[in-house]
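Structural overview for review
Listed here are the chains, written in short residue letters.
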Amino acid sequence: MRHDGEIADVSKVSHTLGYGAVRGVWQWGLVRGMVAVGEVDFSDEKEAEAWFETQSRETCSAIAARCAIRAMSQNWEAVPLKPNDLTLSQLRAVLIAACRASSSIKKPQSFWTSIYGLNGSAGYSLAAPAPLLAASMALRCALSSRNDWPPSGTAAAEAVKAASRAVEPFGTTPLLAAMRWDTQNLGSLLAQPVWSGATPPDSVQGKHDAFLKVIGHSEHLKFWRRFYEGMWNGTFDEWALAFEVIQIPEEDWEKGYEHIGEVISGIEARLLAERAPLAERIVFDEDSEIFTVEPIPLENAPLIQTITQRIEDCLDDALNGCNGLRPDESVVTKLRRANSRYSNNPQRLEMDYTAAAASLRRLSDSGEIAETEDNLDLREAVEDGVRALRANHPDIAANRHQLAKLRMAEMDSDAVDLLEDAKPVLEALSSGALQEDFADDIPQLINDATLPLPTGAPPLPGADEATRIFSRVSRMKLIYDDLTEKGATVFDSKGFKTARLGLTIGAMLSALVSLGLLIIGVV
């Protein structure tokens, strides 16, 4: 067994580490005060490594990543925590280790070895900041092959030692308690706070809070703040996005954190567009610098005329008989508007018909309208129309399938402020039905309806409004990114900027995409 092998290159540019530099950490720090943790004595190097070698690569990676997160913000006076490439390098290394540990990501070892180069040369001595050593060991733990040194078990043990070196005083009771909890709860580590079973020392908590503020100052680090804070709290669940991020080509990483932030923003827009598919396309006119929406025609075009005519006939029958349905009912207005305004937009028809079918069922169940033949025929016609639209248009079926899985959550004040600020800008950037929908959907989403609700209690945001808004915004963001990448000076002459938040068009679209990912169900 050789002790002088190379370890993973954390920064891939200039921040490389030598494995031999960290082996002395054992005698210098961890042996002092460390005691048995569960069934493992982490003050005994051989015993600790032997225990890790009996664990899966995913378990080793999870514990190493958690150790690196505990250490990330420590010794920050030695490594000025500004949004620089060193900070990004540590976060990237831990992200890869966390992805390797995540049960939602399964790839062969050859994939993980190819993600990141493992040919770094020695560059840091024992004086290197321990957080950097912990991140490097977490990376090595996730990526090393059987023939590499150190193997995953040894790398995981070294991540523990580096974290212990960072979290002073050495062998503190909270750290030992947290490690004990880890070894006893191996099945759900990434879904639990890193200090489970313990309270972090005041010095650790203080530096953690300071670190959050530093990485929260830059728009380009917003994903990394979510990752770091989510790992700290055990709430990070954006694994689909994380998996895309770790596959960003090396040449992009070499361009720094601002460039990587833009690349991640583009990935977010693409993922959101895929999760909220609509049977329509967003079109940008470069001369007028205006977005419009064009529906994608039905594969069975004559079907839509049959659907709308049948619903209109059934609606007339229900209104003209003694069925309890009034012309001023909201569901009547919705159906009339859908048939007259959106007869060429199958996606919008399906959404409005779905909402109308639910309303008719609620009216019937509550006894507000009788279950007469006319009312039942109307509901059946609307539900048949929904099914026919989905059956004849794959994108509509995919959209509704996704909507069935969505979880709507109440938006906080920051999200409401963003939507309110973005509404006039999105309207100014759009025309036609797209402009009208932004004007109607955004107030609906933030419960800013023009008419009072019957009960006075605000409802949760509507899934269909959220899908329309964020799906369209995500595709606008992709078009915007493509234009600016080609050097186009989009919107420069108009000088658009959100009123209160002061966001540029690009920043506003990015913020809306991030919000959409949270509302429609992240990652």
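Refer to the preceding data block for the structure.
What you see as residue numbers is a count from 1 along each chain, following the sequence as written. Given that this is a predicted model, residues contribute local features only at a pLDDT of at least 70 and side-chain atom pairs are listed and counted only at 80 or more, while totals for whole chains, interfaces and linings are drawn from all residues. Excluding hydrogens and water, the side-chain values take into account all heavy atoms of the structure.

Nine residue types can take part in a nonpolar core, namely buried Ala, Val, Leu, Ile, Met, Phe, Trp, Tyr and Cys, and a core is a set of them joined through side-chain atoms within 4.5 Å. Burial classes follow relative accessibility: with a 1.4 Å probe on protein chains only, a residue under 20% of its type's maximum area counts as buried, one over 50% as exposed, and anything between as partly exposed. Core analysis: the largest hydrophobic core is formed by 78 residues, its most contacted members being Leu95, Trp112, Phe223, Trp224, Tyr228 and Val245. Sequence-distant contacts of Val245, defined by excluding residues within four places in its chain, comprise Leu95, Phe223, Trp224, Trp253, Ile264 and Ile267. Leu418, Leu419, Leu434 and Leu509 belong to the second-largest nonpolar core, a separate cluster that totals 34 residues. The contact criterion used is simple: two residues touch if any of their non-hydrogen atoms lie within 4.5 Å.

Another point: the side chain of Arg66. Starting at the N terminus, helices and strands are each numbered in turn, a helix being any DSSP run of H or I of at least four residues and a strand any DSSP run of E of at least two. By the element assignment, Arg66 lies in helix α4 (residues 57-72). What makes Arg66 buried here is its relative accessible area of 1%.

What follows is about the packing of aromatic side chains. Within a pair of aromatic rings, the relevant descriptors are the distance that separates the centres and the angle that separates the planes. Under the pairing criterion, centres of Phe, Tyr and Trp rings, with the six-membered ring standing for Trp, must be within 6.5 Å; the plane angle then separates stacked pairs below 30 degrees from edge-to-face pairs above 60, leaving the rest tilted. Within this structure, the stated rule accounts for 11 aromatic pairs. With a centroid separation of 5.6 Å and an interplanar angle of 35°, the aromatic rings of Phe111 and Phe243 are classed as tilted. Pair noted here: Phe111 is in helix α6 (residues 109-115) and Phe243 is in helix α12 (residues 239-245), with a separation of 132 residues, a long-range link. Taken as a pair, Phe111 and Phe243 share a single burial class, namely buried. Between Phe223 and Phe236, the aromatic rings sit 6.3 Å apart at their centres with planes inclined by 70°, giving edge-to-face as the arrangement.

For the pair helix α11 (residues 222-233) and helix α14 (residues 257-275), the least separation of the axes is 9 Å and the interaxial angle reads 80°. Relative to α14, the element α11 lies roughly perpendicular. Along its contact with α11, which presents Lys222, Phe223, Trp224 and Arg226, the element α14 presents Ile260, Ile264 and Glu268. Classification convention: Asp, Glu, Lys, Arg as charged; Ala, Val, Leu, Ile, Met, Phe, Trp, Tyr, Cys, Pro as nonpolar; all other residues, Gly among them, as polar. Per-class residue counts for the contact of α11 with α14 are 4 nonpolar, no polar and 3 charged. Axis angles are defined between N-to-C directions and span 0 to 180 degrees, where every axis is a line fitted to C-alpha atoms and, for a helix, only to the segment in contact. Roughly parallel here means an angle under 35 degrees, roughly antiparallel means over 145, roughly perpendicular means 65 to 115, and every remaining angle is called oblique.

It is worth spelling out the environment of Asp377 at this point. The residue Asp377 is located in helix α18 (residues 373-391) in this model. Residue classification places Asp377 among the partly exposed positions, given a relative accessible area of 29%.

We now examine the environment of Leu175. Structurally, the position occupied by Leu175 is in helix α9 (residues 173-184). Taking the relative accessible area as the measure of exposure, Leu175 reaches 2% and is therefore buried. Separated by 20 residues in sequence, Leu175 and Trp195 have C-alpha atoms that sit 7.9 Å apart.

It is at 9 Å that the axes of α4 and helix α8 (residues 152-166) come closest, and there the two elements cross at 15°. With respect to α8, the element α4 is oriented roughly parallel. The handedness of the crossing between α4 and α8 is left-handed. In contact with Arg57, Cys60, Ile63, Ala64, Cys67 and Ala71 of α4, α8 contributes Ser152, Gly153, Ala156, Ala159, Val160, Ala163 and Ala166. The sense of a crossing depends on the near helix, which, turned anticlockwise from the far helix by less than a right angle, makes the crossing left-handed and, turned clockwise, makes it right-handed.

Glancing now at the side chain of Asn323. Mapped onto the elements, Asn323 comes out in the loop between α15 (301-320) and α16 (330-341). Judged by its relative accessible area of 5%, Asn323 falls in the buried class. For Asn323, the side chain forms a polar contact with the side chain of Thr372, separated by 2.6 Å. Setting aside residues no more than four positions away along its own chain, Asn323 makes contact with Asp317, Ala318, Ile369, Ala370, Thr372, Asp374 and Asn375. Whenever two N or O atoms come within 3.5 Å, that pair is a polar contact, provided that in protein one can donate a hydrogen and the other can accept it, and provided that, for residues adjacent in sequence, both atoms are side-chain atoms.

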